[in-house]
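What the coordinates show
One-letter residues, chain by chain:
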Amino acid sequence: MSDPESWDRRLADLAAPAPSPLLQSWAWGDVQAQAGWRIERLELAGGGIASIQLRGRAPFERAYVPRGPVPADRTGLENLVEWARQRGLARLRVEPETGSELA
């Protein structure tokens, strides 16, 4: 998805009835890009999405997913781990907005 409005609309739909997580918004990705992060926005199997911030280069590349994926569920997290393995990332940090059900 490469359109800011479509991304934010999808984010709002997936997060409802809770408010959209700001740190997964298109605009936040743009802010982080200005701070030196590379941004990748993924559509995950099962219908989730994740805005991922990347730093470094292989073999030390690392990724950070603030307040995501949306929705925060086991399938989305498993998809992110598989994506990170395929990409050969040194580290993946995920901060899902969820309760104790994913602990």
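The structure displayed is predicted, hence computed values, not measured ones.

If you tally the helices and strands in the chain, you get three helices and four strands. For the chain, the α and β elements follow one another from N to C terminus as α-α-β-β-β-α-β. The globule rule puts the C-alpha radius of gyration for 103 residues at 13 Å, and the 13 Å found for the chain is close to it. Considering only C-alpha atoms, the chain reaches an extent of 40 × 30 × 20 Å along its principal axes. Taking all 103 residues of the chain together, 34% fall into the buried category.

Bringing the nonpolar core into the picture now. Nonpolar side chains in soluble globular proteins tend to end up buried together. Counting 11 residues, the largest nonpolar core consists of Leu-42, Leu-44, Ala-50, Ile-52, Leu-54, Ala-63, Val-65, Leu-80, Trp-83, Ala-84 and Leu-89. Those elements that place two or more of their residues in this core are β2 (49-55), β3 (62-66) and α3 (74-87). Residue contacts for Leu-54: discarding those within four places in its chain leaves Trp-37, Arg-38, Glu-40, Glu-61, Arg-62, Ala-63, Trp-83, Arg-87 and Leu-89. Membership of the second largest hydrophobic core comes to six residues, among which are Trp-7, Leu-11, Ala-15 and Ile-49.

Mapping Thr-75 onto the fold places it in helix α3. On the basis of relative accessible area, Thr-75 is assigned to the partly exposed category, the value being 38%. Thr-75 sits 20 residues away from Arg-55 along the chain, and the two C-alpha atoms are 25 Å apart.

The rules behind these values
Residues numbered from 1 in each chain as written. Predicted model: local features only at pLDDT ≥ 70, side-chain atom pairs only at ≥ 80, totals over all residues. Heavy atoms only, no water. Helix = DSSP H or I, 4+ residues; strand = E, 2+ residues; numbered from the N terminus. Rg over C-alpha atoms; globule rule 2.2 N^0.38 Å. Buried < 20%, exposed > 50% of the residue type's maximum accessible area, 1.4 Å probe, protein only. Core = buried A, V, L, I, M, F, W, Y, C linked by side-chain atoms within 4.5 Å. Contact = heavy atoms within 4.5 Å.

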